[in-house]
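Commentary on secondary and tertiary structure
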Amino acid sequence: MKNNSFDEIREKIDESEKIAVAAHVNPDGDAVSSCCGMALALEKKGKKVSVFLEDFSDKFDMIPYAEKILGKAENDDFDLFIALDCGDKERLGESKGLAEKVFTVNIDHHISNTGFGELNFVDAEASSASEIVYRLLDGWCEMDAEIACAIYTGIIFDTACFKHSSTTPLTMSIAGELMKYGIPFTEIQEKLFYSHTFVEARLLAAAIKNTSLECGGRLAVSNLSIEEIELNGGTSKDVDAIVSYIKNTTGVDAAAFFYEKRKGEIKASMRSNEAVNVSEIAVKFGGGGHVRASGCTLYGGFEEVMPKLVDELKKALEG
């Protein structure tokens, strides 16, 4: 897939008036942040903007513009649709129809991206979609504290506070530029990585109890049923951090966490170090993501869907 230039994308945005913005299902910090940063910039350029996302974690409520996000589009009355942080149309969920009926700009950093837009810019080397949004805006839309706060939040979320190998000198340079706008960077980091609700703690405890080790301790696997999640007072929004926690177990090279969103629908989240490309595995099951962090949605019961994906992880670790 050949990328279009930023100038081509800017020109299309400039000639559009009513613009829809959306990201992938189960939106994470980069999805929410990139959408918010883009929306704030578009409003600053005088555009009418609507952002559509599924429910997301309350910890992202601090992102400027987050309070304006809508659940789903009721129509396709837009001049332009900007898809962010999403590898293919299917993962847009309720917003898939926009990509099928409205001129679409696809901006992403997932290596599995299918290039589904009329205009595409996909950089698998970028730390985050938020980083690409910054590069698009740089020199074209005047930055301010709210836009900077949104973009910074997305960058540190997807780099795990600059820990992941996707962090580059350019990533750090951009983060430094954003900090010049007086953003509450300490508060953002505290909210994303160092604080949790009591419900999240209870769910983590339940997931740890359900964790088993495979491949001589190199693979950690856990799951939570919808009953377990509800028994602890939570929802699917409260389990985001679990897979990373079990991946950080000493000796573990890869982790898979399965949880029920509803009966018969199971979300699988995977994390790994250099030993496994979990994106390749996710794609086999209709999902996608990054080399070290990916996911997919599976249909059936745990006893049916878990062994198939776990077997693929085992093959990758033992190969």
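Attention in this report is confined to the structure presented alongside it. (Residues numbered from 1 in each chain as written. Predicted model: local features only at pLDDT ≥ 70, side-chain atom pairs only at ≥ 80, totals over all residues. Heavy atoms only, no water.)

Regarding empty space enclosed by the protein
To find the voids left in a structure, one rolls a probe of water-molecule size over its atoms. Counted only if it meets this: Any residue with an atom within 4 Å of a point lines the site, the site being either a cavity, points on a 1 Å grid over the protein atoms alone where a 1.4 Å probe fits but cannot get out, or a pocket, an open set with protein on both sides within 12 Å along at least 5 of 7 lines. Grid points are joined across faces, edges and corners, and a volume is the space filled by probe spheres set on the points. Note that Gly is not counted as nonpolar here; it falls among the polar residues with everything else outside the nonpolar set of Ala, Val, Leu, Ile, Met, Phe, Trp, Tyr, Cys and Pro and the charged set of Asp, Glu, Lys and Arg.
Enumeration over the complete set of coordinates arrives at one cavity of 30 Å³ or more. Quantified by volume, the largest cavity comes out at close to 60 Å³. Every residue along the wall of the largest cavity is listed here: Ala22, Ala23, His24, Val25, Phe52, Leu53, Glu54, Gly71, Leu92, Glu94 and Ser95. Grouping the constituent residues of the lining of the largest cavity by class yields six nonpolar, three polar and two charged.

What about the packing of helix 2 (residues 29-44) against helix 5 (residues 145-158)?
To keep things clear, this is the line we draw: Axis geometry follows a simple rule: fit a line to the C-alpha atoms, using only the stretch in contact for helices, then measure angles between N-to-C directions, giving values from 0 to 180 degrees. Comment: elements are numbered from the N terminus, with helices defined as DSSP H or I runs of at least four residues and strands as E runs of at least two. An angle below 35 degrees is read as roughly parallel, one above 145 as roughly antiparallel, one from 65 to 115 as roughly perpendicular, and any other as oblique. Whether a crossing is left-handed or right-handed is set by the direction in which the near helix is turned from the far one by less than a right angle, anticlockwise for left-handed and clockwise for right-handed. We call two residues in contact whenever any of their non-hydrogen atoms come within 4.5 Å of each other.
Look at helix 2 against helix 5: their axes get within 8 Å of each other, and the N-to-C directions meet at 160°. Overall, the two elements helix 2 and helix 5 adopt an arrangement that is roughly antiparallel. For the pair helix 2 and helix 5, the sense of crossing is left-handed. Of the residues in helix 5, those touching helix 2 at Gly29, Asp30, Ser33, Cys36, Gly37, Leu40, Ala41 and Lys44 are Glu146, Ile147, Ala150, Thr153, Gly154, Phe157 and Asp158. Each residue belonging to the contact of helix 2 with helix 5 can be placed in one class, and the counts come to six nonpolar, five polar and four charged.

What about helix 5?
Worth spelling out the cut-off: Helix span is expected to be 1.5 Å times the residue number reduced by one. Summary of the burial criterion: residues with accessible area below 20% of their type's maximum are buried, those above 50% are exposed, and those between are partly exposed, where the area comes from a 1.4 Å probe applied to protein chains only. As used in this structure description, the phrase polar contact means that two N or O atoms lie within 3.5 Å; if the pair is within protein, one of them must be able to donate a hydrogen and the other to accept it, and residues adjacent in sequence are counted only when both atoms belong to side chains.
The first and last C-alpha atoms of helix 5 sit 20 Å apart over 14 residues, in line with the 20 Å expected at 1.5 Å per residue. Within helix 5, eleven of the 14 residues are buried, which leaves the element mostly enclosed by the surrounding structure. Residues Ile147, Ala148, Cys149, Ala150, Ile151, Tyr152, Thr153, Gly154, Ile155, Ile156 and Asp158 constitute the buried set of helix 5. The inward-facing, buried residues of helix 5 abut helix 2, helix 4 (129-137), helix 6 (169-179) and helix 7 (185-194). For helix 5, the N-terminal cap is Asp144; the gap from its side-chain oxygen to the backbone nitrogen of Glu146 is 3.1 Å. The first or second residue beyond helix 5 is Ala160, which carries a positive phi of 55°.

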